[in-house]
Amino acid sequence: MLWLALLLPDLPLQIFTRGGIDLPLAVTAGHPRPLVVAANARARGLGVEAGQGIAAALAIAPSLHLQARVPALEAETLAEVACWAGAFSPRISLVPPDAVLLEIEASLRLFGGADAIADAIRSGLGRLGLEGALATAPTPLAARWFARAHAGTTGAPPRDWRSRLDALPLALLGDGTGVAPATLELLAGVGLHTLGEIRLLPRAGLARRQASAVIDTLARARGDLPDPQPWFVPPPQYAHRIALPAAVSDTEPLTFAARRLFAGLAAWLASRHAAVDHCLLELIHERHPATRVAIVTGAPCRDESRLALLAREHLARLELAAPVEALRLVADTPLPFAPRPDDLFGHPGRARDSAVLLLDRLRARLGSDAVHLLETRADHRPEVAWADTATAAQLPAGPGSSASASVRPARPLWLLPEPQPLAAESVTLVDGPERIEGGWWDQADIRRDYYLARGPDQALWWIFQDLEPPGTWYVHGYFG
Amino acid sequence: MSAAATVLSSAAELRSALATLPAGSVWQASRLAQGNGPIISSGFDALDAELPGGGWPANALIELLVDRPGVGELSLLLPVLNRPSSERWLAWVAPPFLPYAPALAAAGVPLSHLLLIRPAPADVLWAARQAVASGACAAVLAWPPRIDTAGLRRLQLAAEEAVTPLFLFRPYTAARQASPAPLRLVLTGAGEMLQVSILKRRGPPASAPLLLAVRRLQGNVAGLPGGGTDIEVQPEAPPSFTDGQVAAARDCGTTLRMIRRPPLPPSSRSSLLLVR
């Protein structure tokens, strides 16, 4: 077993900063007198530190933004990270408040080693807008402690990992274990500094002082006792949220923050071998019902950049009713997804994808009624011999369907949406007439004689005379 | 001394000096440019002979200046539209009328590849640029409302990067505006033919306009004896044919026609004569 611990110690702060909005920000907690528990780099630059009172922090930095700590959102974000980590290993364990453990032994070959997995996790975390500490070790506790102490490695564990564990400071013993603080104080009071020094103490004496939990914990960390972990089960639907450090009334920063959510969605989908054809982006306002942006793709898709691109088009068109406090992404109907294989020559899979992407982008920005696909209909009335098939999400098919090659009278390449009465100008008839009559069955009865005619500038027109009185002449198309 | 410092006394010497240079490094204005960009044959030999590289540049903005619909401007592009292309769109951005599906299908254009985009006027350039830059289109045809040189430049860059030909239809008045398009053609009707004047190309100015028989349907119309029948349309009183005029039109040799006979008694009005 090889465990990779992913530690997010700055989670209280990062749930606000991952949206990419850079403000001096401090997170506060405590009741009745809240204190600053974390401050971002800009706030620290102004002199704000953890442990300050709110009044003191604001006196130092009047431009400081304060947010109360949101443990619920921290837990939700940790679950989001766990969902996302499903792309690297199916065996994930969640250790609140800030750690995710991955058992990566079985994934080493696929990703090319523990270092490669760690690199992929680091860059992926960056896309989620988070930063964490990583370490690998053969036991989950050791991995977590190495990450906490920034003393570990991310490659294959060194042969002497146990002696490195012995060198870790004593305080780590209280991290996510059953060891009581009083016991730690006792050990510190005896004059111990590292974990290794505990092992030199007589076990009987430790047990007498109610410190047997210490011995158990150390044994689990060293792999002498089994340490079973509860596996994390990803939720059946994706619904995650990003809080913004300050209300935003411009859509541009939202686009960036939404990208974080799409990165998480893509990894969640990848771990489920699924894709979505629609998802919902909710812009949460303080005193206003949430604005909902439906993002619909032409075909099932799990490409984060494509979803983010569509969201950008939607957001760019959006008039915000009120400043936005948070973003929420909901995808509740994952569909089975089979990626198209590329063939040996060229990349038709990619060409097809970009063809769908273009369709989606155009529909997102221009509205779906601005994009049309045409097809013919078997009807000899010109107005109904074609149809718009834009509602369905087709793709350019393979080599074009062969047209009906029947010999037929000439038809113009341009059709006027409505026949225009022939203006007072001279046209020369060159061919015709062709009688087109019919439509009693759907109340669009026509009786017309069509002619080819030469209009001004030698243009070839398709004109007709309505056979119903008064026999008006109309232009109906141009032979472009 | 370097060759550049040598004084060349005659044109012959100059020519021989040029001949020693590597091929393609010097372009003489009297010759058509032989660009190294990809080329799509226009399908018309006479036009290919006049175009640099021997066809439409596949990575460029091509301006077609045409004032009236119906001179054959679409038929000129039918060979391009008919080219088999796997899974790429033929995008039409803001066409002035409806591209008529039965006629396109009859001409061999794969309708399933046709993407008709009708944006608001302000979004036409955006849509055209997206279609070109996506690389998902085999060709893009666009009818922009009004476009400045900077906009043309952006389109040209997009076409260059994505190697997608963009045919831009503009009114003839746009000929006065400077344009970064490497190829600009003026299309006018000339009898049964389409007259193509090359306004700008990479090469010497074209001497005479080309006459192209772009319309395949013209086979029967071209053989018309002495033109057709003139009718005058008055706005108030819609004219109608005399039967003699209709008969004259019928004489021009058509494929399958329903011909209106002289006024029939109301009882037998539905009887029509089918002639071939």
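Throughout this document, residue positions are counted from 1 along each chain, in the order its sequence is written. Written order determines the labels here, with chains lettered from A and ligands numbered from 1. The predicted origin of the model limits local features to residues at a pLDDT of at least 70 and limits the giving and counting of side-chain atom pairs to 80 or more, whereas totals for whole chains, interfaces and linings rest on all residues.

Looking at the overall build of chain B
What counts as a helix is a DSSP run of H or I of at least four residues, what counts as a strand is a run of E of at least two, and both are numbered from the N terminus. Assigned secondary structure in chain B consists of eight helices and 14 strands. Counting over 276 residues, chain B shows a buried share of 40%. By the convention adopted here, residues are in contact when the distance between their C-beta atoms, placed from the backbone, does not exceed 7 Å. Sequence separation of at least 24 residues holds for 63% of the intrachain contacts in chain B that already meet a minimum separation of 6. Whether a residue is buried, exposed or partly exposed follows from its count of other C-beta atoms within 10 Å of its own C-beta, namely 20 or more, 12 or fewer, or something in between, respectively; the C-beta atoms are built from the backbone.

With respect to the overall build of chain A
Assigned secondary structure in chain A consists of 15 helices and 20 strands. Every one of the 480 residues in chain A was classed for burial, and the buried ones make up 41%. Contacts in chain A between residues at least 24 apart in sequence constitute 59% of all its contacts with a sequence separation of at least 6.

Observations concerning unusual backbone geometry
Residues and elements named next belong to chain A. With an omega of 5°, the peptide bond between Pro 96 and Pro 97 qualifies as cis. On the secondary structure map, Pro 97 appears in the loop between β5 (92–95) and β6 (99–103). Along the chain, Pro 469 connects to Pro 470 via a cis peptide bond; the corresponding omega equals 10°. Note that Pro 470 resides in the loop between β19 (460–466) and β20 (473–478). Not every positive phi belongs to a glycine, and Gln 443 is a case in point at roughly 55°.

Re the sheet that holds strand β6 (residues 114–117) of chain B
A pair of strands is considered paired only if DSSP assigns at least 2 bridges between the two. Here we have nine strands laid out as an open sheet, ordered β13(A)-β6(B)-β4(B)-β7(B)-β8(B)-β3(B)-β9(B)-β10(B)-β11(B), and mixed in their pairing. The open sheet terminates on both sides in strands that have one partner only, identified here as β13 (371–372) of chain A together with β11 (210–212) of chain B. With five bridges connecting them, strand β4 (residues 89–93) of chain B and strand β7 (residues 137–142) of chain B associate as parallel partners. Residue B:Trp92 lies in a different strand from β7(B), and its bridge partner there is B:Leu141. Here helix α5 (residues 124–133) of chain B sits on the sheet and contacts β4, β6, β7 and β8 (166–170) of chain B; the angle it forms with β7(B), its principal contact strand, is near 160°. Under this scheme, a helix contributes an axis fitted over its contacting stretch, all axes are lines through C-alpha atoms, and angles between N-to-C directions fall in the 0 to 180 degree range. On top of the sheet, helix α6 (residues 149–162) of chain B reaches β3 (61–66) and β8 of chain B; it is set at about 130° to β3(B), its chief contact.

Points about the packing of helix α4 (residues 71–85) of chain A against helix α13 (residues 251–272) of chain A
All names here are of chain A. For the pair α4 and α13, the least separation of the axes is 7 Å and the interaxial angle reads 50°. In terms of orientation, α4 lies oblique with respect to α13. When you trace α4 past α13, the crossing you get is left-handed. Contacts from Glu 80, Cys 83 and Trp 84 in α4 reach Gly 264, Ala 267 and Trp 268 in α13. Residues that form the contact of α4 with α13 fall into these classes: four nonpolar, one polar and one charged. Orientation is classified from the angle alone, with under 35 degrees giving roughly parallel, over 145 giving roughly antiparallel, 65 to 115 giving roughly perpendicular, and any other angle giving oblique. Crossing handedness: left-handed means the near helix sits turned counterclockwise from the far one by under a right angle, and right-handed means the same turn made clockwise. The nonpolar class holds Ala, Val, Leu, Ile, Met, Phe, Trp, Tyr, Cys and Pro. Asp, Glu, Lys and Arg form the charged class, and all remaining residues, Gly among them, are polar.

Some words on the environment of A:Ala61
All names here are of chain A. Its location among the elements puts Ala 61 in the loop between α3 (54–60) and β4 (65–68). The exposure class assigned to Ala 61 is buried, which follows from the 20 C-beta atoms found within 10 Å. The sequence separation of Ala 61 and Gly 45 amounts to 16 residues, and the corresponding C-alpha distance is 9.6 Å. Each residue touching Ala 61, except ones within four places of it in the same chain, is listed here: Pro 24, Ala 43, Leu 46, Gly 47 and Val 48.

Focus on α6(B)
Residues and elements named next belong to chain B. Between its first and last C-alpha, α6 extends 20 Å over 14 residues, near the 20 Å set by a 1.5 Å rise per residue. If you follow the buried residues of α6, they end up packed against β3, α5 and β8. Val 163 sits one or two positions beyond α6 and adopts a positive phi of about 50°. Here the expected span of a helix is defined as 1.5 Å times the quantity of residues minus one.

Quick look at the environment of A:Leu261
Residues and elements named next belong to chain A. Relative to the assigned elements, Leu 261 resides in helix α13. For Leu 261, a count of 29 C-beta atoms within 10 Å gives the class buried. Here the alpha-carbon distance between Leu 261 and Gly 129, two residues 132 residues apart in the chain, equals 9.3 Å. Those residues in contact with Leu 261 that lie beyond four places of it in its chain are His 240, Ile 242, Leu 327 and Leu 329.

Examining α13(A)
Three or four residues apart is the spacing at which side chains of an α-helix point the same way, because the helix has 3.6 residues per turn. Here α13(A) contains 22 residues, and its C-alpha end-to-end distance of 31 Å stays within 8% of the 32 Å for a straight helix at 1.5 Å per residue. Following α13(A) by one or two positions, A:His273 has its phi on the positive side, about 55°.

Regarding the sheet that holds strand β3 (residues 35–39) of chain A
Residue and element names in this part refer to chain A. Taking strand neighbours across the sheet as the criterion, the three strands line up as β3-β2-β4 in an open arrangement whose pairing is mixed. Taken across any chain shown, the strands that pair with only one partner, and hence form the sheet edges, are β3 and β4. Looking at each pair of strands side by side, their axes are set apart by 40° on average, direction ignored. Here strand β2 (residues 25–29) pairs with β3 via four bridges, running antiparallel. Bridge pairing links Val 27 to Ala 38 in β3.

Brief notes about the nonpolar core
Generally speaking, soluble globular proteins have nonpolar side chains that are buried together. Throughout this description, the term nonpolar core refers to a group of buried Ala, Val, Leu, Ile, Met, Phe, Trp, Tyr and Cys residues whose C-beta atoms join them within 7 Å. By size, the foremost hydrophobic cluster in this structure holds 100 residues, and its most contacted members are A:Leu4 and A:Ala5. A:Phe464, A:Val475, B:Trp56 and B:Ala138 belong to the second largest nonpolar core, which has 99 residues in total.

Some remarks on the confidence of the model for chain A
Residues and elements named next belong to chain A. Values of pLDDT, which run from 0 to 100, indicate the predictor's confidence residue by residue. For chain A, the mean per-residue pLDDT works out to 82, and 92% of the residues sit at or above 70. Taking the mean pLDDT of every element in chain A, the minimum, 75, falls on helix α15 (residues 348–366) and the maximum, 90, on β20. This model gives residues 397–407 a pLDDT under 50, and the stretch forms 15 contacts once residues within four places in sequence are excluded.

Brief notes about the pairing of strand β16 (residues 414–421) of chain A
Pairing of β16(A) with strand β5 (residues 98–99) of chain B, which is carried by two bridges, proceeds in the antiparallel orientation. Bridge pairing links A:Leu415 to B:Leu98 in β5(B). Note: β16(A) against β20(A), four bridges, orientation antiparallel. Paired with A:Pro421 across the strands is A:Tyr474, a residue of β20(A).

Points about the pairing of β7(B)
With six of six residues buried, β7(B) lies mostly within the body of the structure. Seen with the strands pointing away from the viewer, any crossover whose path from the first strand over the helix to the second strand runs clockwise is right-handed. Taken together, β7(B), α6(B) and β8(B) constitute a β-α-β crossover, and its handedness is right-handed.

Focus on the packing of α5(B) against α6(B)
When two helices pack together, their arrangement is given by the angle between their axes and by how far apart the axes lie. Residues and elements named next belong to chain B. For the pair α5 and α6, the least separation of the axes is 8 Å and the interaxial angle reads 15°. In this view, α5 runs roughly parallel relative to α6, as classed from their interaxial angle. α6 is crossed by α5, and the crossing has left-handed handedness. In this structure, α5 contributes Leu 125, Ala 128, Arg 129, Val 132 and Ala 133 to the contact, and α6 contributes Gly 151, Arg 154, Leu 155, Ala 158, Ala 159, Glu 161 and Ala 162.

Some details on the confidence of the model for chain B
When pLDDT is low, close inspection of the predicted coordinates is not appropriate. Residue and element names in this part refer to chain B. Taken residue by residue, chain B gives an average pLDDT of 74. The fraction at 70 or more is 69%. Least confident of the elements in chain B is strand β13 (residues 257–259), whose mean pLDDT is 32; most confident is β8, at 93. Under a pLDDT of 50 for its full length, residues 1–5 has, in the predicted model, one contact with residues more than four places off or in other chains. In the model, residues 232–276 has pLDDT below 50 throughout and makes 60 contacts with residues more than four positions away in sequence or in other chains.

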